[in-house]
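# Inside the fold
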Amino acid sequence: MSVFEKIIKGEIPCNKVLENDDFLAFHDIAPKAPVHVLAIPKKFAKDFQELNPQEMVGLTNFIQEVARLLGLDKSGYRIISNVGIDGGQEIPYLHFHILGGAKLRWDNLAQNISEKERLEEAKKGM
């Protein structure tokens, strides 16, 4: 069972921002911006590639509501969902990072690693 499934079940506490029958949003424990919230569906999907497009409608509305609650809809924010090893996904459970509260930068995204190192990282991750 993933950490997100444990959070949904209440086995691991979280600092909730918003919750409904289908989705949960909570503050990230290792924030990368002044505001860093994770939004997850309660129904499992490994990543964005596995998400049913019809469910994305509900998730979109939910993320927009989270942004409004946090006041990010006025100043701006970034939404990120990592997919797979090369995309930087660390937990194999669909989740969206909602980042804001400051002017966000976009630094160098790719590590300069060899194909051998990349494959070793892939073996460790998933």
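Read on for an overview of the structure.

Definitions and cut-offs
- Residues numbered from 1 in each chain as written.
- Predicted model: local features only at pLDDT ≥ 70, side-chain atom pairs only at ≥ 80, totals over all residues.
- Heavy atoms only, no water.
- Helix = DSSP H or I, 4+ residues; strand = E, 2+ residues; numbered from the N terminus.
- Buried < 20%, exposed > 50% of the residue type's maximum accessible area, 1.4 Å probe, protein only.
- Contact = heavy atoms within 4.5 Å.
- Pairing = 2+ DSSP bridges.
- Axes fitted to C-alpha atoms, helices over the stretch in contact; angles between N-to-C directions.
- Salt bridge = Lys/Arg side-chain N within 4 Å of Asp/Glu carboxyl O.
- Phe/Tyr/Trp six-rings, centres within 6.5 Å; stacked < 30°, edge-to-face > 60°.
- Core = buried A, V, L, I, M, F, W, Y, C linked by side-chain atoms within 4.5 Å.

## Quick look at the side chain of His-97
Considering the arrangement of structural elements, one finds His-97 in strand β5 (residues 96-100). With a relative accessible area of 14%, His-97 lands in the buried category. Dropping the residues within four chain positions of it, His-97 is found in contact with Asp-28, His-36, Val-37, Leu-38, Arg-78, Ile-79, Ile-80 and Asn-82.

## A short note on the sheet that holds strand β2 (residues 23-27)
Taken in spatial order, the 5 strands of this open sheet run β1-β2-β3-β5-β4, and their pairing is antiparallel. Pairing within the sheet leaves two strands with one partner each, and these edge strands are β1 (16-19) and β4 (77-80). Taken pair by pair, the neighbouring strands of this sheet meet at an average axis angle of 20°, ignoring direction. Sheet topology note: the strand β3 (residues 35-41)/β5 ladder contains 5 bridges and is antiparallel. Bridge pairing links Leu-38 to His-97 in β5.

## Some remarks on the pattern of salt bridges
For the coordinates displayed, the defined rule picks out 4 salt bridges. Linking Glu-19 and Lys-16 is a salt bridge whose minimum nitrogen-to-oxygen distance equals 2.7 Å. For Lys-16, a relative accessible area of 46% translates into the label partly exposed. Asp-73 is the partner of Lys-74 in a salt bridge, and the nearest nitrogen-oxygen pair spans 3.4 Å. Looking at Lys-74, the relative accessible area reads 74%, which means it is exposed. Beyond isolated ion pairs, a larger network of salt bridges with shared partners links Lys-16, Glu-19 and Lys-42.

## Focus on the packing of aromatic side chains
For the structure on display, the rule yields 5 aromatic pairs. Geometrically, the ring pair formed by Phe-4 and Tyr-93 is edge-to-face, given 5.8 Å between the ring centres and 80° between the ring planes. Taken together, the residues Phe-4 in helix α1 (residues 3-8) and Tyr-93 in the loop between α4 (84-87) and β5 connect sequence positions 89 residues apart. The pair formed by Phe-4 and Tyr-93 is uniform in burial state, with each residue classed as buried. Between Phe-23 and Phe-62, the aromatic rings sit 5.5 Å apart at their centres with planes inclined by 35°, giving tilted as the arrangement. You can see Phe-23 sitting in strand β2 and its partner Phe-62 sitting in helix α2 (residues 53-69), a full 39 residues away along the chain.

## What about the pairing of β1?
In this sheet, β2 lies alongside β1 in antiparallel orientation, the contact comprising 3 bridges. For Lys-16, the partnering residue across the bridge sits in β2 and is Phe-26. Between β1 and β2, which pair antiparallel one after the other, the connecting turn spans 3 residues.

## Brief notes about the nonpolar core
Here is a general trend for soluble globular proteins: nonpolar side chains tend to be buried in one another's company. Of all hydrophobic cores here, the largest spans 17 residues; its most connected members are Leu-59, Phe-62, Val-66 and Ile-98. Counting residues per element, the ones that place at least two in this core are β2, β3, α2 and β5. Grouped together as the second largest cluster of nonpolar side chains are 7 residues, Phe-4, Ile-7, Ile-40 and Tyr-93 included.

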